[in-house]
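Residues per chain are reported as follows:
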Protein chains: 2
Amino acid sequence: MAPRKIKNMEEFAAVSGLSRPTVSKYFNDPETVRRSTRDRIEAALAQYDYRPNIYAVNQNRRLTKNIGIVVPFLADPFFAEIARTIETLCIEAGFRPILLSSHGDRAVECENLDSLKSLKPAGVLMAPLGRASDRRAIERFCDEVPTVLFDSNIDSVGEDFIGSDNQQSIGMIVDYLYRTGDPPAFFEMSKPVNPNAIKRRTAYLSAMERLGLAPRLIQVAGEGWAFEEIGFQAGGTVLAKRTRPKTVLCSNDRLAIGLLSAAFELQLRVGHGPDADIRVAGHDDHPFARFTCPGLTTVAQDYAAIARRSVARLVDLIGSGARAGRGADTLFPGKLIMRTSA
Amino acid sequence: MAPRKIKNMEEFAAVSGLSRPTVSKYFNDPETVRRSTRDRIEAALAQYDYRPNIYAVNQNRRLTKNIGIVVPFLADPFFAEIARTIETLCIEAGFRPILLSSHGDRAVECENLDSLKSLKPAGVLMAPLGRASDRRAIERFCDEVPTVLFDSNIDSVGEDFIGSDNQQSIGMIVDYLYRTGDPPAFFEMSKPVNPNAIKRRTAYLSAMERLGLAPRLIQVAGEGWAFEEIGFQAGGTVLAKRTRPKTVLCSNDRLAIGLLSAAFELQLRVGHGPDADIRVAGHDDHPFARFTCPGLTTVAQDYAAIARRSVARLVDLIGSGARAGRGADTLFPGKLIMRTSA
DNA sequence: AGAATTATTTTACGCGCGTAAATTTTTTAT
DNA sequence: ATAAAAAATTTACGCGCGTAAAATAATTCT
């Protein structure tokens, strides 16, 4: 019992009866050694519980097995969920994910990229802040590290972009709302941080035009990532007016959550029933959207597909070693989630 | 312009006119070199933008500047928030935080500890899963790495524990609910994953006894971390019965969010008004608690204080180099947050 | 069985830095 | 001003591994 402690790969190679370079090869890719050799190593591994020193391993490797994951705001459950999915997929693909949040802050985002650069990652999956991002810094980063952007795009940056088809999803829910009642007004922040927000506005306008309807934008002040608070405060003001719309489509679910809270406080009945005062819809299918009062009608982003495709693309890029320059954009369609709020 | 690229510390030392070990000393602690030396290095640093290779740096250091942060479930905004605060504090203290989530899974928690061990962290801040944790694995880990537990305790493990005083906070809200209406029933999961849940139940029972009241536990089935869903499903059943309580105190806010959603669906009026059907209170002051319908009366955990103290204790431990064995527990009191749900 | 192929071992070197010990410089005390 | 003490710097060595090239062994094919 209690076999002596293994200090390094040399010793481990000794107890497995192999040379160190062979063992090294095994740890880089177990498939590259003979079956019998592999069995011997794995037997020794079970007995001695040795792990190569991460720092020594990565010092001389051109490319590490690290994959950086950068999200703009981890306290948003949407990003927490997608990050979790991506993490799992990276591990399954044989990489070591390193999760960083930019906390909604441009400077932090830059620091994250700097930190990652010094970790020599094989690749990076990044959901940028959007407008608040330092475009130049991200460009420079993408020049050095294979990077796939997801969720929110920055034109002509990164190898690839994977996201949602806002044109389709907003078009769909505008159609739905129009067919089942009054056409929606669009509730959003006047200075959106996120490219998706801008695309959704455009999509709303074009959908209304297509239907031959007059658009109505409700643009409210507010900055940062406290969307619920902004939706609540500004929404309260909007809803208190006599001119309030009969149907509101919010640029995202978190704004809608705040708006629903404001509506409740004003004792407005939200829903599609005959005695309802107002209909509210959102976008994203936020994890909490089904627990709002009433449940929020919204469009689900296919975040599982986005995560899968993003990881797959990055792994491809890493495998091919190709820095193919600007690649293609992939947009996944949204799915209408009908609950009781609209 | 465009000075030649710096490959390593040797080159950087050359362009700053110093020897490499001196530069190395500077990067370990700028205070340990002479003022004039420091100025020269920092001037060169501004011009050449060199960063020491992380892997080479940590290979020979006994102790890295890494601090591991392990939370049980990052998709829970409460943990996302406290993790964010802790991250910032670690950076301010001159360390490099590494954030890992156990995703509510025992095996993942163990893997996280293994990963951390091979990163040779100076210390670790850990919020364990609780009952689902592999106690032995955590014990072994704490033997090797200075570890401060926070949020949820595992008796006799780790150097220190920082958390909330459930006895105080539950006692306070039970008092409040009793003084302002009917005494509360306690809504919880029958098999709680979290030690806090168990302490809260005990605290509820003792508070009721102190007040000379008959306790009423409503224990519902359900496992995992989908608290809203459990609160919604089980809560719907409970609230539909004629025997439903007039006042419900939920073991945590996420259960309460689900319960509120169920109440809304049953068209029950929640609140402390004269025409209300039921009062609902929670615990934690979850980031979304103020946007529920109606706003959730709850107890705020002082997560900023917990984060500050946890980091401070760990930095102390690291500084003193002392493995003092089992230290003290620090419990912060909660703060009553009166909203309209109770 | 012999040749061609594939897998493994040996040899040899270097990565970029930490760190103890030796040396030099600077500061303080006399 | 000079010696002693303290601080800063340099010298010298090694960490644990990757990796390339050459040599050897095992396997497969004809």
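Predicted model, so just to flag it, every value in this text is computed and none were measured.

Observations regarding the protein's contact with DNA strand C
- Taken together, 27 residues sit near DNA strand C, with Thr22(A), Thr37(A), Met9(B), Ser24(B) and Tyr50(B) positioned nearest.
- Among the atoms of DNA strand C lying within 4 Å of the protein, the sugar-phosphate backbone contributes 68%.
- Within the contact set of DNA strand C, a base nitrogen lies 2.9 Å away from a side-chain nitrogen or oxygen of Gln59(A).
- Measuring from a phosphate oxygen of DNA strand C, one finds a side-chain N or O atom of Tyr50(B) at 2.5 Å.
- The residue inventory of the surface near DNA strand C, partitioned by class, reads 9 nonpolar, 12 polar and 6 charged.

Focus on the packing of aromatic side chains
- Taken as a whole and judged by the stated rule, the model has 23 aromatic pairs over all chains.
- One aromatic cluster is present, built from ring pairs that chain together Phe73(B), Phe78(B), Phe79(B), Trp225(B), Phe227(B) and Tyr303(B).
- In this structure, Lys65(A) packs its charged tip against the face of Phe95(A), placed 4.9 Å from the ring centre.

Here we look at the interface of chain A and chain B
- Each side of the interface is counted separately: chain A has 39 residues, and chain B has 39 residues.
- Across the chain A to chain B interface the summed buried area is about 3,800 Å²; carbon plus sulfur atoms make up 62%.
- The largest per-residue losses of area from chain A upon contact with chain B belong to Tyr55(A), Phe288(A) and Phe291(A), which jointly make up 22% of the total buried on that side.
- Our enumeration of links across chain A and chain B arrives at 2 salt bridges.
- The salt bridge involving Glu229(A) is made with Arg290(B); its shortest N-O contact spans 3.0 Å.
- Remark: the boundary between chain A and chain B carries 10 residue pairs in polar contact (both at pLDDT 80 or more).
- Elements that contribute at least two residues to the side of chain A that touches chain B include exactly helix H4 (54-60), helix H5 (77-92), strand E2 (96-101), helix H6 (106-118), helix H10 (227-240) and helix H11 (253-265) of chain A.

With respect to the sheet that holds strand E5 (residues 160-164) of chain A
All names here are of chain A.
- With parallel pairing, the 6 strands of this open sheet are ordered in space as E2-E1-E3-E4-E5-E11. Two strands in the sheet have a free side with no partner beyond their single neighbour: E2 and strand E11 (329-332). On average, each strand axis in the sheet is inclined to that of its neighbour by 15°, with strand direction left out of account.
- Note: strand E1 (residues 66-71) against strand E3 (residues 123-126), 4 bridges, orientation parallel. The partner of Ile69 across the bridge, within E3, is Leu125.
- Each of E1, E3, strand E4 (147-150), E5 and E11 is contacted by helix H12 (residues 303-320), which is oriented at about 175° to E5, the strand it contacts most.

Describing the packing of H5(A) against H12(A)
Residue and element names in this part refer to chain A.
- Close contact between H5 and H12 brings their axes to 9 Å; oriented N to C, the two are set at 40°. Classed by the angle they form, the pair H5 and H12 counts as oblique. The hand of the H5/H12 crossing is right-handed. In this structure, H5 contributes Phe78, Glu81, Ile82, Thr85, Ile86, Leu89 and Cys90 to the contact, and H12 contributes Tyr303, Ile306, Ala307, Arg308 and Val311.
- A class-by-class count of the residues in the contact of H5 with H12 yields 9 nonpolar, 1 polar and 2 charged.

Brief notes about the protein's contact with DNA strand D
- The environment of DNA strand D is made up of 27 residues, and the closest members are Met9(A), Ser24(A), Tyr50(A), Ser19(B) and Thr37(B).
- In DNA strand D, atoms within 4 Å of the protein come from the sugar-phosphate backbone in 65% of cases.
- Contacts to DNA strand D include Gln59(A), whose side-chain N or O atom sits 3.3 Å from a base nitrogen.
- Here Asn60(A) contributes a side-chain N or O atom positioned 3.2 Å from a base oxygen of DNA strand D.
- Looking at the surface near DNA strand D, the elements that each hand over two or more residues are helix H2 (20-28) and H4 of chain A together with helix H2 (20-28) and helix H4 (54-60) of chain B.
- Here the residues of the surface near DNA strand D sort into 8 nonpolar, 12 polar and 7 charged.

Description of the layout of surface pockets
- When its volume is computed, the second largest pocket comes out at roughly 1,300 Å³.
- Phe264(A), Cys293(A), Phe264(B), Leu268(B) and Cys293(B) are the residues nearest the centre of the second largest pocket, which is lined by 45 residues in total.
- Residue assignment for the lining of the second largest pocket shows that the elements contributing at least two residues are H11 of chain A together with helix H11 (253-265) of chain B.
- The element best represented in the lining of the second largest pocket is H11(B), accounting for 5 residues.
- Each residue belonging to the lining of the second largest pocket can be placed in one class, and the counts come to 19 nonpolar, 16 polar and 10 charged.

What to know about the domain arrangement of chain A
- In terms of domains, chain A is made up of domain 1 (9-52), domain 2 (66-164 + 304-332) and domain 3 (166-300).
- Put simply, the middle of domain 1 of chain A and the middle of domain 3 of chain A, counted by C-alpha atoms, are 59 Å apart.

Notes on the side chain of Thr330(B)
- Among the structural elements, Thr330(B) can be located in strand E11 (residues 329-332).
- Not counting the four nearest positions on each side in its chain, Thr330(B) is found in contact with Phe161(B), Ile162(B), Gly163(B) and Arg309(B).

Notes on the relation of the copies chain A and chain B
- Overlaying chain A with chain B gives an RMSD of 0.1 Å, the required rotation being 180° about an axis along which the chain moves by 0.0 Å. Read as a symmetry element, the transformation amounts to a two-fold axis. Identified as the residue of chain A closest to the rotation axis by C-alpha distance is Tyr55(A), at 2.2 Å.

Some remarks on unusual backbone geometry
- Omega for the peptide link from Cys293(A) to Pro294(A) comes to -5°, which places this bond in the cis form.
- Of note, Pro294(A) is situated in the loop between strand E9 (279-281) and strand E10 (298-300).
- Positive phi values are uncommon outside glycine, yet Asp151(A) reaches one of about 70°.
- For Asp151(A), the position within the fold is in the loop between E4 and E5.
- Exposure remark for Asp151(A): the relative accessible area of 4% places this residue in the buried category.
- The backbone of Asp284(B) sits at a positive phi, close to 130°, despite the residue not being glycine.
- Along the chain, the position of Asp284(B) falls in the loop between strand E9 (279-281) and strand E10 (298-300).

Calculation notes
Residues numbered from 1 in each chain as written. Chains lettered and ligands numbered in written order. Predicted model: local features only at pLDDT ≥ 70, side-chain atom pairs only at ≥ 80, totals over all residues. Heavy atoms only, no water. Near = heavy atom within 4 Å. Polar contact = N/O pair within 3.5 Å; in protein donor to acceptor, adjacent residues only side chain to side chain. Nonpolar A, V, L, I, M, F, W, Y, C, P; charged D, E, K, R; others polar. Phe/Tyr/Trp six-rings, centres within 6.5 Å; stacked < 30°, edge-to-face > 60°. Lys NZ or Arg CZ within 6 Å of the ring centre and 35° of its normal. Contact = heavy atoms within 4.5 Å. Buried area = accessible area lost by both parts, 1.4 Å probe. Salt bridge = Lys/Arg side-chain N within 4 Å of Asp/Glu carboxyl O. Helix = DSSP H or I, 4+ residues; strand = E, 2+ residues; numbered from the N terminus. Pairing = 2+ DSSP bridges. Axes fitted to C-alpha atoms, helices over the stretch in contact; angles between N-to-C directions. Parallel < 35°, antiparallel > 145°, perpendicular 65-115°, else oblique. Left-handed = near helix turned anticlockwise from the far one by under 90°. 1 Å grid on protein atoms, 1.4 Å probe; cavity = no way out; pocket = protein on both sides within 12 Å on 5 of 7 lines; lining within 4 Å. Points joined across faces, edges and corners; volume = space filled by probe spheres on them. Domains from an automatic or database assignment. Least-squares fit on C-alpha atoms with pLDDT ≥ 70 in both. Buried < 20%, exposed > 50% of the residue type's maximum accessible area, 1.4 Å probe, protein only.

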